[in-house]
Structure formats: C-alpha cells, structure tokens
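Residues per chain are reported as follows:
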Amino acid sequence: MSRIYKFLDDRLNLSPLLKEIADHQVPDHANPLKTPTALIYCFGGICLFILLLQILTGVFLMLYYVPSPDNAYAGVNYIQNELAFGGLVRGIHRVGASAAVVMVFLHMMRVVLTGSYKNPRELNWIVGIVLLLTVMGFCFTGYLLPWDQKAYWATTVGVNMVESIPLVGNFLAAALRGGSEVGMLTLVRFYVVHVMFLPALLVIFLAAHFFMVRRQGISRPL
Ligand code: HEM
C-alpha cells in the first residue's frame, strides 16, 4: 500500500493536499471529544454517512431491479425474498431513506439554533435547502419503484398534489407522469430521476456545501 502511495505521491505530489485535510483543526466547541454537547455538530457528518450508505445499497439494488411495470414488482420481490442478503440490503436502503430525512432536519435545526445560517453563511444555507429538496426528491421518486398498490396510489396522490400548484401545476404533473395517468412512463421517469438526475445534483451540491464549510470554517459558539 505504502509503495503505491509513494508511486502516486512522487508523480502527483499528494502529501500537501492530504496533510491539509488531515491536519485540519476542529474547534473545541464543535468537537464532541472535548465538549459533549458538540454532538449536535456531528449531525451533518451523520447525514453524509447515511447518504453514502444509500448510494452503496442503491447500486446493489440496481443490479436486480428492472424499471418496467412487468418486472419491477417481481424484481423487488426477488431481492426481498430470494436473493442472499437482498432483504437486508433493501431494508438498509428503506430505513436509510427515513433516517436521512430525520437527520437532515436535525442538522437544519442545529444550524438554526446556533444561528449559522446568518452572514456570511447565507449561500451555504441556500445550498442546504437544495440538498433538503434533493433528499425529499429521492424519497418521492423511490417510493414508486416497488410498483405495488401502496406505491402506485401514493404516487397518484403525490402527483395530483403537484397538479394543484397554480400556473405550473398542470405542466409539472404531466412531465412527472408522462401522460394522463401513472403508468409505464411514470415508472421510467421516476427511476431515471432517482438513479441519475438526483445523484448528480446531490454530488454537485454536496461538493459546494463542503467547499463552503471548509472555506468559512464552522460558525463560532453562541
Ligand atoms: C444532504 C444533507 C446534508 C449534508 C450531508 C450536510 C453536511 C454538513 C456538514 C458535514 C457540515 C459541517 C458541520 C456540521 O456537521 O454540522 C454542514 C454545515 C452546514 N450545513 Fe449542512 N448538510 C446537509 C444539509 C443541509 C441543510 C438541509 C441545510 C440548511 C438548509 C444545511 C446548512 C448548513 C450550514 C449553514 C452549515 C454551516 C454551519 C456552521 O458553520 O456552523 N445543510 N453540513
């Protein structure tokens, strides 16, 4: 391992970069090892951990899931009941989705309680709102994918709610459904948004979020 690292370091001069990351000092008020109440400053990191777990389990689920009305339910059934560790991986992905929403809200509450959304971190707050919407988008689109009765009707109700938005509602609902009813096109669209569009958005906005956290440092204690 160290020989591979030396090979890469000789050519890419990685050491200063890694040193910069590893030597970064976490201030005492945000370090749970020094201040127990600083645990609330770990909520953002816990969000990241859950999201990484979601990506890992999601990639495994993709190997067996087929986004078509004929195969989606059977595929999920196979993953759940026949595939080795399939139920476990799917379980982690499902519980992880709820845990991500809960943790993102707790992280937001910490940011509000410590006033960290104020100048100079307004931009990072706005990026955070996009991240929140992205996480909720993952939940909304993922819920349809098992293609069972609950998924079908929950999505029908959800898209009808979108339809009631003034001015753009009809257009948005038609774009989501791909027709007048939830059907094959809806399933394909939700799948593509779930596995391509939203992950791309997540990566871009997480990079911006962490860049700003590092540039600005953690906000000072109250
Ligand atoms: C996808 C979910 C998110 C992840 C993975 C994430 C991750 C993080 C991490 C690791 C930090 C460093 C400090 C900490 O952990 O508390 C942080 C800080 C911050 N986050 Fe998030 N975040 C997410 C969503 C949000 C949301 C929804 C908001 C608000 C709308 C937000 C606003 C902020 C702000 C303003 C800071 C700077 C706080 C400070 O300097 O004290 N984040 N985020």
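Use the structure listed above.
The structure reproduced in this document is the subject of the present report. Just so it is clear, the structure is predicted and the values come from calculations on it, not from any experiment.

What follows deals with the coordination of the iron atom of the ligand. Reference values for coordination geometry: four tetrahedral donors around a metal ideally subtend 109.5 degrees, six octahedral donors ideally subtend 90 or 180 degrees. Coordination of the iron atom of the ligand by the protein is provided by His107 (NE2) and His209 (NE2), with metal-donor distances spanning 2.0 to 2.1 Å. Considering all six donor atoms around the iron atom of the ligand, the spread of angles at the metal, 85 to 180°, places the coordination shape in the octahedral class. Placement of the pair is His107 in helix α5 (residues 86-113) and His209 in helix α9 (residues 184-216), with a sequence separation of 102 residues. Each of the two residues, His107 as well as His209, counts as buried.

As a structural note, the neighbourhood of the ligand is formed by 25 residues, with Tyr41, His107, Arg110, His209 and Ser219 the closest of them. Taking Tyr41, its main chain carries an N or O atom lying 2.8 Å from an oxygen atom of the ligand. Contact distances for the ligand include 2.8 Å between a nitrogen atom and a side-chain N or O atom of His209. Those elements giving two or more residues to the shell around the ligand turn out to be α3 (43-62), α5, α6 (122-144) and α9. Of the residues contributing to the shell around the ligand, the split by class is 15 nonpolar, eight polar and two charged.

With that out of the way, let us pick up the pattern of salt bridges. Using the criterion set out here, one finds five salt bridges in the structure. Asp23 is the salt-bridge partner of Lys19, the closest N and O atoms lying 2.9 Å from each other. For Lys19, a relative accessible area of 52% translates into the label exposed. Where Arg177 meets Glu163, a salt bridge forms, and the shortest distance between an N and an O atom there is 3.2 Å. Of this pair, Arg177 sits in helix α8 (residues 169-177) while Glu163 sits in helix α7 (residues 149-163), placing them 14 residues apart in sequence. Taking the relative accessible area as the measure of exposure, Arg177 reaches 9% and is therefore buried.

Moving on, we come to the packing of α6 against α9. At a minimum axis separation of 9 Å, α6 and α9 run at an interaxial angle of 155°. As judged from the angle between their axes, α6 and α9 are roughly antiparallel. When the axes of α6 and α9 are compared, the crossing they make is left-handed. The class makeup of the residues in the contact of α6 with α9 is 19 nonpolar, nine polar and no charged.

Tracing the backbone through its elements, the reader meets Thr155 in helix α7. A polar contact is formed between the side chain of Thr155 and the backbone oxygen of Ala151, at a distance of 2.9 Å. Beyond its immediate sequence surroundings of up to four residues, Thr155 is in contact with Leu144, Val182 and Phe190.

Positionally, Val168 belongs in the loop between α7 and α8. Assessed through its relative accessible area of 44%, Val168 is described here as partly exposed. Residues Val168 and Ile129, 39 residues apart in the sequence, show an inter-C-alpha distance of 21 Å.

Our focus in this paragraph is the packing of aromatic side chains. Under the definition given, this model contains six aromatic pairs. A ring pair is formed by Tyr65 and Tyr191, whose centres lie 5.5 Å apart and whose planes are at 35°; its orientation type is tilted. A residue pair is termed long-range when its members are at least 10 positions apart, and Tyr65 in the loop between α3 and α4 (72-81) and Tyr191 in helix α9 qualify at 126 residues. You can call Tyr65 buried: its relative accessible area is 10%. Seen in terms of ring centroids, Trp147 and Tyr152 are 5.8 Å apart; in terms of plane orientation they differ by 80°. Their pairing is edge-to-face. These aromatic residues form a ring-pair network of at least three members: Trp147, Tyr152 and Trp153.

How each quantity is defined
- Residues numbered from 1 in each chain as written.
- Predicted model: local features only at pLDDT ≥ 70, side-chain atom pairs only at ≥ 80, totals over all residues.
- Heavy atoms only, no water.
- Donors = N, O, S within 2.8 Å, 3.2 Å for Na, K, Ca; no water.
- Tetrahedral: all angles 85-135°; square planar, octahedral: opposite > 155°, others 65-115°.
- Helix = DSSP H or I, 4+ residues; strand = E, 2+ residues; numbered from the N terminus.
- Buried < 20%, exposed > 50% of the residue type's maximum accessible area, 1.4 Å probe, protein only.
- Near = heavy atom within 4 Å.
- Polar contact = N/O pair within 3.5 Å; in protein donor to acceptor, adjacent residues only side chain to side chain.
- Nonpolar A, V, L, I, M, F, W, Y, C, P; charged D, E, K, R; others polar.
- Salt bridge = Lys/Arg side-chain N within 4 Å of Asp/Glu carboxyl O.
- Axes fitted to C-alpha atoms, helices over the stretch in contact; angles between N-to-C directions.
- Parallel < 35°, antiparallel > 145°, perpendicular 65-115°, else oblique.
- Left-handed = near helix turned anticlockwise from the far one by under 90°.
- Contact = heavy atoms within 4.5 Å.
- Phe/Tyr/Trp six-rings, centres within 6.5 Å; stacked < 30°, edge-to-face > 60°.

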